[in-house]
Amino acid sequence: MFLFQFLLVVHFVIALGLVTVVLMQRSEGGGLGMGGSPGGLMSARGAADFLTRATSILGGLFILLSIVLAVLAAQGRVSKVVAPTTPPPAAATAPLQAPAPTDPNVPFASGARSALAPAANGAAPADNGTVPLAQ
């Protein structure tokens, strides 16, 4: 945790340095370029080379540190799928009751009664752990 916070502060400092170096470079329109004497280390050509090199280095560090921070953040949040250790409680179901006898002349009446009749072997349907629609 401390390493992540430390790298986050370093990342912020690198970002500020990168913004500063980019703003100091002379652009087509003039920019905020540094003035200086024509001779010496910070001449117009020397400053341009230094600022270009500093921009490249700071940009590379910024990208590298962004990747490292993303990896560190992902390590702390590992998702796990945990199977339940106990099965869900079985819902109490009322036995099916046959409807009141109907007129035998009505089509499909006898088929409906035979479908609702209890099975001959007395086996109950297997409980698959689903919740019944009406309780």
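Look up a bit, the structure's there.
What this report covers is the structure whose coordinates are included nearby.

Conventions used here
Residues numbered from 1 in each chain as written. Predicted model: local features only at pLDDT ≥ 70, side-chain atom pairs only at ≥ 80, totals over all residues. Heavy atoms only, no water. Helix = DSSP H or I, 4+ residues; strand = E, 2+ residues; numbered from the N terminus. Polar contact = N/O pair within 3.5 Å; in protein donor to acceptor, adjacent residues only side chain to side chain. Core = buried A, V, L, I, M, F, W, Y, C linked by side-chain atoms within 4.5 Å. Buried < 20%, exposed > 50% of the residue type's maximum accessible area, 1.4 Å probe, protein only. Contact = heavy atoms within 4.5 Å.

1. So, the side chain of histidine 11
Among the secondary structure elements, histidine 11 is positioned in helix 1 (residues 2-24). Only 2.9 Å separates the side chain of histidine 11 from the side chain of serine 66, close enough to count as a polar contact.

2. Side note on the nonpolar core
Counting nine residues, the largest nonpolar core is built from Leu7, Ile14, Leu18, Val21, Leu51, Ala54, Leu58, Leu65 and Leu69. Only helix 1 and helix 2 (44-75) provide two or more residues apiece to this core. Looking at this core, the element that brings in the most residues is helix 2, giving five residues. What leucine 51 contacts, discounting residues up to four positions off in sequence, is Val21, Met24 and Gln25.

3. Side note on the environment of leucine 72
Relative to the assigned elements, leucine 72 resides in helix 2. Judged by relative accessible area, which is 26%, leucine 72 ranks as partly exposed. Taking C-alpha positions, leucine 72 is 9.1 Å from leucine 3, a pair spaced 69 residues apart along the chain. Ignoring any residue separated from it by four or fewer positions in sequence, one finds leucine 72 in contact with Leu3, Phe4 and Leu7.

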